[in-house]
Amino acid sequence: MEFWLPVVFAGLMALAMLIYVVLDGYDLGVGVLLNGADDNEKDMMIASIGPFWDANETWLVLGVGILLIAFPMAHGVILSSLYLEVAVMLVGLILRGVAFDFRVKAREPHKPLWNAAFFGGSLLAALAQGFMLGHYITGFENSVGAFAFSLLIGVCVVAGYGLLGATWLIMKSEHELQRKAVRWAQGALWLTAAGIAAVSIATPLVSERVFARWFEFPQFLLLSQIPAISIALILACHFRLRRLAREIDHTEWQPFALAVSIFLLAFAGLAYSLFPYLVIDEITIWDAASAPESLLVILWGVVITLPAILGYTVFAYRVFWGKTRELSYE
Amino acid sequence: MEALALARVQFAANITFHILFPAITIGLAWILVYFKAKENRTGESRWRDAYRFFVKVFALTFALGVVSGITMSFQFGTNWPGFMETVGNIAGPLLGYEVLTAFFLEATFLGIMLFGRKRVSNRVHTFATWMVAVGTSMSAFWILVLNSWMQTPTGFEMRDGQAHVVSWMDVIFNPSMPYRLVHMMIAAGLTAAFVVAGLAAFRQLRGDKTEGNKTSLRVGVWLAAILIPIQIVAGDLHGLNTVEHQPAKVAAMEGLWEDTKGADLLIFAWPDEEKRENRFEIGIPKAGSLILTHDLDGLVLGLNSFEGEHPRVAPVFFAFRIMIGVGLLMLVVSWAGAWAMRKGRDAPAWLSRTLVAMTFSGWVATVAGWYVSEIGRQPWLVQGVLRTADAVGPVGAGAIAISLSVYLLLYLGLLVAYVSVLFYLASQAATGHIPRERERLDNPLRPQPARA
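Residues numbered from 1 in each chain as written. Chains lettered and ligands numbered in written order. Predicted model: local features only at pLDDT ≥ 70, side-chain atom pairs only at ≥ 80, totals over all residues. Heavy atoms only, no water.

Caption draft 1: Quick peek at helix α1 (residues 3-42) of chain B. Taking 1.5 Å per residue as the helical rise, α1(B) with its 40 residues ought to reach 58 Å, and the 58 Å between its terminal C-alpha atoms agrees with that figure. Looking at the residues trailing α1(B), positive phi occurs at G43(B), about 70 degrees. (Helix = DSSP H or I, 4+ residues; strand = E, 2+ residues; numbered from the N terminus. Expected span 1.5 Å × (residues − 1).)

Quick look at the structure:
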């Protein structure tokens, strides 16, 4: 128990974070792309994520919640070290979250203002999340180099979310907006690839332990498949987008699936590098875990509720399946 | 200012801003369930119209609640790392259950409730409305369990400086939980009732004569009239419970310095923390003992029995009087309103104007009540277990000051936007302006999709 419970919760936290990154990733991405669209397209873009964003963000609360409740010792260290970035991200999430409603309910002349808040908030949140990732994997170092690196990762995460958002729109939209989305996805793809490369190179350099984990034989043979498959997926996405740019066909859902797969692999690689540390080379999941009896109580809750949560999440996605129509309260 | 004070101000600002929105949505969700049930049963369009307007109010309010709530989940860690390090074994599972049983439920079904009317059957839409209401109330349940445990902790033992659970039943059903839960749920009902009545009254003043709006107004006023006497009784019982478990808080609420038999009930006073006395006071003889002990000569413990262990007196003392004052005003207005609107009469203009002025009266009473409860618990974060000063994090005053100013500006801006947009929505509805959403449905900008 003492050994397995923290492992199980680390797995659950990783799962929640992964779902968060993919789900809120596409809706933050749509926000980041907002300024490239005209007024009608903006309505359409936001309509495509309107019914989902709330639940998507709840995965962040669950992920941070598991960090808070299962690993309280690490929660304090991580969040105090990331204090300002977290504050920036929260301001971003607040702005975009309220803009969803304000932009259609406020006076018409105020709509551009709320659109700007939606765009700015999404950008700020994505940038801050990437910056946090950079700051986190450099072991909370406070040097100019680490800052520049974190900023780079910030930009790349914006691009990565942009890729998810654009490929989501390819799936959910039609006509001119869909064609625009293909072009956005093409641009975002390469920045995303650059970001993944940067993180992959940086993590082993920061920590000898991570280096050893990846480059020792024989696991290197197996592990080298991760970057190889990632490159293959990125190329596949590239060619798929190029074909869609010429002509839209029934493969319009594939770029999104490929983008999600790319994120999945990058996430798996990162998780492999870090495990079992919550703070690189300092705090392990066992150092930081709550008492086993408390973890068990939560585990029961998870076992009972998570299937239900996944069930009604799938149901909600099915209700709004297919091409997006205007959102209506009627 | 030092980091501790700043961390407290920041957390207080955030939690104050946050509670405004759940205080409305917890009650409004059930009012929407009621509208929906009435529509289903009677088939009358007025219920549907009432639902249609207030579901928009709900959507906006909910969004603000969600985003300010996400902020909260981070500030536990950034501002009070010592809290989770000491009592994480108890707070953790309670917060976890809130996320698992409430947040996902309400957030997921909200999408269907708001935008799914044309996409799902009426039965599923009714179900979604129910699930949102159940979710908001579940959320309130867990967080109030945690807060009550912080006020009256039971069911645990301390080992190596950490709280470990001995009995979850005792943790969850701790002594103040039932009282606080009931008191807050009714407060949420009252807050929502006055928002519904206030916005409907505003529409009426703008010339809205629709049956849907009259119905909303009536429901708001009646709900308030029914809830307020229950709330007064529940509040009294909660007070008695506090006398038993947190006498220092009650002494601050009453502004009572010495242990007294037959204590006065102070209507107004000016507590002087330096001299440890009231500079000026007006009170009703022996009424304090009567209310707190239900005995004219009952003994009430004063602040001097808790020197160094009691909260600052003035904020608790005044916040308590503000809560009571607003509560009494609610009683007068809602009963006068119910009388004026008896037997289907229209609300007279004086009533409508009063109700508009009182639209957000629930906020004032709820926030004041929470200040009594939370400031009243100081200097403890968890009564008798963890001091607030010992839970504060290592973040420097500078970083907190910067983020605090940004948050404050943002909150102020959003509050102004929220209130003005609500009244804007009401005036639009009143002038019969067709909502944009509807216009679109009748005249889609784009062709319907070939495949769905």
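Caption draft 2: Just the interface of chain B and chain A, in detail. With 81 residues of chain B at the interface, the matching set in chain A holds 75 residues. Buried surface at the junction of chain B and chain A, both sides included, amounts to about 7,400 Å², of which 71% is carbon and sulfur. The largest share of the area that chain B buries against chain A comes from F74(B), F104(B) and R119(B), three residues that together contribute 11% of it. The interface formed by chain B and chain A contains one salt bridge. One salt bridge in this structure joins R159(B) and E293(A), with 3.9 Å as the shortest N-O distance. There are nine residue pairs in polar contact (both at pLDDT 80 or more) connecting chain B and chain A. If you list the elements that add at least two residues to the side of chain B that touches chain A, you get α2 (45-79), α3 (81-115), β2 (162-165), α14 (397-430) and α15 (436-442) of chain B. When residues of the side of chain B that touches chain A are assigned to their parent elements, the largest contribution, 23 residues, is made by α3(B). (Contact = heavy atoms within 4.5 Å. Buried area = accessible area lost by both parts, 1.4 Å probe. Salt bridge = Lys/Arg side-chain N within 4 Å of Asp/Glu carboxyl O. Polar contact = N/O pair within 3.5 Å; in protein donor to acceptor, adjacent residues only side chain to side chain.)

Caption draft 3: Layout of the packing of helix α4 (residues 122-151) of chain B against helix α12 (residues 361-375) of chain B. Residues and elements named next belong to chain B. Orientation of α4 relative to α12, taken along the N-to-C sense of each, is 40 degrees, at an axis distance of 10 Å. Between α4 and α12, the crossing angle belongs to the class labelled oblique. Along the contact surface, α4 presents L144, N147 and Q151, while α12 presents W370, S373 and E374. Partitioning the contact of α4 with α12 into residue classes produces two nonpolar, three polar and one charged. (Axes fitted to C-alpha atoms, helices over the stretch in contact; angles between N-to-C directions. Parallel < 35°, antiparallel > 145°, perpendicular 65-115°, else oblique. Nonpolar A, V, L, I, M, F, W, Y, C, P; charged D, E, K, R; others polar.)

Caption draft 4: Broad picture of the packing of aromatic side chains. Per the counting criterion, the structure on display carries 47 aromatic pairs over all chains. Taken together, a centroid distance of 5.3 Å and an interplanar angle of 90 degrees make the contact between W214(A) and Y272(A) edge-to-face. Of this pair, W214(A) sits in helix α9 (residues 208-215) while Y272(A) sits in helix α12 (residues 254-274), placing them 58 residues apart in sequence. The class for W214(A) is buried, based on a relative accessible area of 14%. Here Y272(A) falls in the partly exposed class, since its relative accessible area comes to 25%. Grouped by ring-pair contacts, the aromatic residues F17(B), F21(B), F202(B), F360(B), W363(B), Y407(B), Y411(B), Y418(B) and F423(B) constitute a single cluster. Stacked on the ring of F317(B), the Lys or Arg R321(B) has its end atom at 3.7 Å from the ring centre. The side chain of R342(B) reaches across the aromatic face of W339(B), ending 3.9 Å from its centre. (Phe/Tyr/Trp six-rings, centres within 6.5 Å; stacked < 30°, edge-to-face > 60°. Buried < 20%, exposed > 50% of the residue type's maximum accessible area, 1.4 Å probe, protein only. Lys NZ or Arg CZ within 6 Å of the ring centre and 35° of its normal.)

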